[in-house]
Structures are given as structure tokens and as C-alpha cells.
Amino acid sequence: MQARRRHARQCRLVVAGLIIVTTLLFFTGDAPRVFIDAPTQNQLPRRLPLSLAAVREAATWPADAVLLPDWEVLLLLHPNATAIAHNATCAFQGGASSPARALGRLPSSGRHAYTCAMPEPARRHQPFHAPRIVAMDAVHASPHDDDELVMMVKWSGRLVYDSVVVDGGDVLVFAKGVNPRQGVNRPASDVRCVYYRGRGGSADDVVASLPAATSAQQVFRCPPPPPAALLRVTLALAGEEEPIPSVATYSLPPASAAATHKRRHKICACTMVRDVGKFVREWVAYHAAVGVGRFILYDNGSEDDLDEQVRRLTAEGMDVTTLAWPWPKTQEAGFSHSAAVHRDACEWMAFIDVDEFIFSPNWATAASPSSSMLRSIVAVKPDVGQVSLGCVDFGPSGRTTHPPEGVTQGYTCRRRAVERHKSLLRLEAAERSLVNSVHHFELREGKRGEWNRRARVNHYKFQAWDEFRLKFRRRVSAYVADWTHRVNLQSKDRTPGLGFDPVQPAGWAAKFCEVNDTLLRDVTRRWFAAAGESQLQAAR
């Protein structure tokens, strides 16, 4: 048996050698070219020196694996793979295993996503190889074959992690590490979009190498490749021999995708969430009453009962969609994704968090809520592409635990000054690069922004300490410094009096209380009172 295995390995090595030789001929001009080139300034070499290893690994294995921070492993299965609904397990090389949690399908590729912890014994087997996702009772049924091991890619480095087809064919490619600083973006002329296909153990075929159209933050707009069922996609940068490692795939959207939405909503709301099940009912119920027609939640790996809360809201007639978005600190990219893919479903999008409530003091005398309330905010001239609202930040208001009646009911003391702003974006007005500062987008030529001074955002930012300290884990913006890092000490994003560790400052419950503001609390009690009980109360 061992002799046969050695013989098989030797044969594969010979075949691999022939593949490498063929590939080198292919890239040096002695084989027919399949690149599609367009002239650009500072153009990359017409024949990209793609190494076989750089584009081969992910295509030879049915699952991709990414090592996330804190020894968390993200596994991505092929869209056609059979998902394991219950008792899924990650089986690592060497026999270690850990429970796997299903995150659902990724919104663009349709790939099944799972996450699991990398056990301590598996961390000693370097280099790190991708685990297998199996049912719990099959962990030891089929051991790893050394010839089929695939390297895990690390989130800590550069990585192309997703792509989506938009705007009638353009491809948005999401990559981290290319533009690592806010406001400093590599020229699009330095970036090429490389589409390639894999054939099991044989060499990958590069289908097209095309110049990127835009480069901003973690989003790159690319031309589409020639028609193909399923391809891999990565980026290659000028002056660098190796393309960026990638777990992203490209596929044409189904013909029925355009008919998914029965009607276009005037106003939608989008946010990125993690473990906000106890907050989401209040946020959805309130904004649905004042004019939001659809809610899109980018789930950043929730482990609470968010899915159950969304199921209940949907059963009650709310239009709430949850999209799996497992990538750490990619809020700007997630919002770029949302602004691009929901243009046919929504005219306006409010990019606000679940602790933020759009409110106008003028509504305080209204007998009941109405969809015309938010519509009045976006009743602007056609050249206005974005409406901005100032924020007022509420403090703990003496609370030491989460108010079970809801944040609008439990927190009634705030800071006096208006801090920052949040926006409602007319989606067709977003600049092609989709560059944004989380809650504010750049606009295309001919469109302008406008302030609305009649409305504001009640931001329940500084909550009871047990809730607030979780923000040390939940921070999802790529371009905001981690609170544990001693940088940008004067940033408005930092909390006054808060150090670099999640340690409760003295007198936290009484902080940030300059104005007693019960307007929203009182109006929602009147609007939603039913049988002496608020409909906004969070489900328990």
C-alpha cells in the first residue's frame, strides 16, 4: 500500500512538473494568450507573472478556510456543496476537532459559511491547513489525506475576500490590505482584476486580466470577464510579482435575480450587526412606523437569538433581510456592497445603527406615526443625493443594567452638543467608487448633499456599562482605531474618560448627562401603547 502511494505521489510530481513548464511557456509567450488587455497608464505587464501556487490552492479544495483573529476559522463551501444543518464539526489535521456554527450563505457567491475555533493541538501543526467540515459522527470516519491538504489563508495579511456583480455587469471586488489607510487609495491604474478557473489538480487557467476602473478603501470596480459559469477572482498590483491571495469567486447572477423584489421601496435602512437580538425589535418597529419599508442587516457573526427575532418580525409583516457578512472590521465595505446591490430595491437608504433612531421634535405632537414622516425628510430636489442629520448622544441615564423596556424608554439624559451626523443616501447618487465614511458617501458629479435641521438622530451611544463594554468587541469599522491601541487619542470616536481596556470608569452611570430629553420616550409611549404595554418592548 505504501509503495503504491509513493508511486502515485511520484507520478503526480511528474505531472505537476509538466504543468509548471507548460505554465511558464504560457506566461512567456510561447503559448496562446488568453489575457484581455486594455491600455492604461502605468499598465501592468501584459503577461502577469502569476505563480502557480498563488492561484491554485483555493481551486483544488472544495472549501476555502480563512484564519480570523483570536484563532477563529472561517470555512467557505462551494455553493453546490451539501450544507450540514446540525452538529457540524471542523476536523483538523492531527485529529483535533471543534464544533462548527453555520452562518448561512454569503449574499454574493451563495457559498455556505461556517465558523469554528481552532483547537490548541491544531495550532501546533504548522503550516496551518484547512479543516474539513463534517457531521459530528463522521469526524474520524475519513482522515485527512496528506495529498489533499490545503493551506489556510490568514486574515492578518492581504486578502481578496468577496466579489459581486452589479450595475449590469461590473464586478465589485473586495480586498483588504491594498488601501490600508483612510483617504489614501492606490490608483486604479495600478490594479488589475484577474479571473481564473481551476481544474482539480491541474494548472489553473487565467481567463482574463483586466484593468480596474476604481480603487477606494476595500472596494475595486472591475470589468466583467468573458461569460463563464464560475470563476475565481483576485487582484494583481503594479510592481508586484505575486497576485493577492483570494477566496473570492465570480459568477453571473441568476436571470431571476432582477425579479426578486416585487416593488421598490422609497426608504430602506441598512446596518451591520453582531449580537443585537435584544435591540433589533425596538429599532425595526419604530422605523417601520415612521416610513422605512425594508431593513437589511449585515450579520457580522452573531451568536445570540438574532435569527429568531428576525423570524418573528417577518411573521408580523416586517420586511427584514439578514445577510451573512463574516469579515472582521469591514463595515465600510459592507455598506458599499449594500449601496450597490440594493439600488433596484430601494430609492433611499438610511445607514444607521440599531442604537440610532431618526426623530423630529415636530413629530412630538402627532397622534400616531406615519410613513410620511421619513418621506418628508427625503422630499428634496432631484439633484440632492444625500440628506444628513445631526446626532445627539444619550448617556447611561443612571442605568446600571439594560432597560428591558427598550433604549428609547430607558435612556433619557444626553449631551448638549450635536456630534457628527448620519445620512440617508439616494442610492443612484453614490460615486462609482462607493467610497464612504461609514455613514456618509461620496456623491457622483452633479449630485449634492443637504442638511435637514428639522430632524436628528437620537444615538443611544453610552449605555449601561455591561452593554457599552461589548463595543470593544463589536467595533466593525476598518478605518477606526481599536480602542485598545494608543493612537488617535484626540479622535471624537474615543469616549471621554475611557482608557484602553474595557474597565468601567468611576461614575459611569451618571456620565454624559447634560440635557434631560424625554421627547422620544413620551411620543413612542403614546404611539405604541397597547393594553398598557409598549409594542416597542424588546422580546424576551
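Residues numbered from 1 in each chain as written. Predicted model: local features only at pLDDT ≥ 70, side-chain atom pairs only at ≥ 80, totals over all residues. Heavy atoms only, no water.

### Quick word on the packing of helix H4 (residues 277–290) against helix H5 (residues 306–315)
The criterion, for reference: All axes are obtained by fitting lines to C-alpha atoms, using only the stretch in contact for helices, and the reported angles, taken between N-to-C directions, cover 0 to 180 degrees. A run of DSSP states H or I qualifies as a helix once it reaches four residues; a run of E qualifies as a strand once it reaches two. Both are numbered from the N-terminal end. Here is the rule for angles: anything less than 35 degrees is roughly parallel, anything more than 145 is roughly antiparallel, 65 through 115 is roughly perpendicular, and the remaining ranges are oblique. Crossing chirality is assigned from the near helix's rotation relative to the far helix, an anticlockwise turn below a right angle marking it left-handed and a clockwise turn marking it right-handed. Should any heavy atoms of two residues lie within 4.5 Å, those residues are considered in contact. For this scheme, ten residues count as nonpolar: Ala, Val, Leu, Ile, Met, Phe, Trp, Tyr, Cys and Pro. Four count as charged, namely Asp, Glu, Lys and Arg, and the remainder, Gly too, count as polar.
In contact at an axis separation of 8 Å, H4 and H5 are set at 25° when each is read in the N-to-C sense. By the angle between their directions, the pair H4 and H5 is classed as roughly parallel. Viewed along their axes, H4 and H5 form a crossing whose handedness is right-handed. Seen from H4, the contacting residues are Gly277, Val280, Arg281 and Val284; seen from H5, they are Leu306, Gln309, Arg312 and Leu313. Here the residues of the contact of H4 with H5 sort into four nonpolar, two polar and two charged.

### Things to note about the sheet that holds strand E9 (residues 170–176)
Formally: Two strands qualify as a pair provided DSSP detects at least 2 bridges between them.
Pairing is antiparallel across the open sheet formed by four strands, whose spatial order is E8-E9-E13-E12. Looking at the sheet topology across the chains shown, the edges are occupied by strand E8 (159–166) and strand E12 (214–216). Strand-to-strand, the axes of this sheet are offset by a mean angle of 20°, without reference to chain direction. Alignment of E8 against E9, held across seven bridges, turns out to be antiparallel. Across the sheet, Val160 pairs through a bridge with Ala175, a residue of E9. In the packing of helix H6 (residues 331–341) onto the sheet, contacts are made with E8, E9 and strand E13 (219–222), and the angle to E8 comes to roughly 15°.

### What to know about helix H11 (residues 519–528)
Note the cut-off: Per-residue accessibility, obtained with a 1.4 Å probe over protein chains only, is compared with the maximum for each type, and a residue is labelled buried under 20%, exposed over 50%, and partly exposed between these values. The directions from the helix axis to the C-beta atoms are what the arc is built from.
All buried positions along H11 are accounted for by Leu520, Val523, Thr524, Trp527 and Phe528. The buried residues of H11 occupy an angular sector of 110° when projected down its axis, which confines them to one face.

### Notes on the pattern of salt bridges
Inclusion rule: Whenever a carboxyl oxygen of Asp or Glu lies within 4 Å of a side-chain nitrogen of Lys or Arg, that contact is scored as a salt bridge.
Counted under the stated rule, the structure contains 27 salt bridges. Across the pair Arg274 and Glu303 runs a salt bridge whose closest N-O atoms are separated by 3.5 Å. Here Arg274, found in the loop between strand E16 (265–273) and H4, pairs with Glu303, found in the loop between strand E17 (294–299) and H5; they are 29 residues apart in sequence, far enough to count as distant. A residue is classified by how much of its surface remains accessible, and Arg274, at 16% relative accessible area, is buried. When salt bridges that share partners are traced, they join Asp167, Asp170, Arg221, Arg343 and Arg432 into one network.

### Comments concerning the packing of aromatic side chains
Remark: the centre distance and the inter-plane angle together describe each pair of aromatic rings, the angle taken between the planes. What counts, and what does not: When two rings of Phe, Tyr or Trp (its six-membered ring) have centres within 6.5 Å they constitute a pair, described as stacked for plane angles under 30 degrees, edge-to-face for angles over 60, and tilted for the intermediate range. Working rule: Lys NZ or Arg CZ, within 6 Å of ring centre, within 35 degrees of ring normal, means a charge sits over the ring.
Overall, the coordinates contain 24 aromatic pairs when judged by the stated rule. Geometrically, the ring pair formed by Trp155 and Tyr161 is tilted, given 5.3 Å between the ring centres and 55° between the ring planes. For the pair Trp155 and Tyr161, one class covers both residues: buried. A ring pair is formed by Phe174 and Trp325, whose centres lie 5.8 Å apart and whose planes are at 85°; its orientation type is edge-to-face. Here the residue Phe174 occupies a position in strand E9, and Trp325 occupies one in the loop between strand E18 (320–324) and H6, the gap between them amounting to 151 residues. Take Phe174: its relative accessible area is 0%, and that puts it in the buried class. Here the aromatic residues Trp155, Tyr161, Phe174, Tyr298, Trp325 and Trp327 are joined through ring pairs into a cluster of three or more. Positioned above the aromatic ring of Trp155, the side-chain terminus of Lys176 is 5.1 Å from the ring centre.

### As for unusual backbone geometry
Cis geometry marks the peptide bond from Gln126 to Pro127; its omega dihedral reads 0°. Structurally, Pro127 is set in the loop between helix H3 (120–123) and strand E6 (132–135). In this structure, Ser397 is a non-glycine residue whose phi angle is positive, near 55°. Within the secondary structure, Ser397 is located in the loop between strand E21 (384–393) and helix H8 (407–410).

### Regarding the state of the cysteines
What counts is decided by this rule: In plain terms, two cysteine sulfur atoms within 2.5 Å form what is called a disulfide here.
Scanning the model with the defined rule gives four disulfides in all. Sulfur-sulfur distance for the disulfide between Cys413 and Cys513 comes to 1.7 Å. Disulfide Cys413-Cys513: the torsion about the S-S bond is 75°, which places it as right-handed. In this pair, Cys413 is assigned in strand E22 (residues 413–414) and Cys513 in the loop between helix H10 (471–474) and strand E25 (515–516), connecting sequence segments 100 residues apart. Judged by its relative accessible area of 7%, Cys413 is buried. With a relative accessible area of 43%, Cys513 lands in the partly exposed category. Here the cysteine-cysteine linkages of the chain are recorded as 1-2, 3-4, 5-6, 7-8, numbering only bonded cysteines and doing so in sequence order. Here Cys270 is not cross-linked by a disulfide; its sulfur's nearest cysteine counterpart is in Cys346, at 9.0 Å. On the basis of relative accessible area, Cys270 is assigned to the buried category, the value being 0%.

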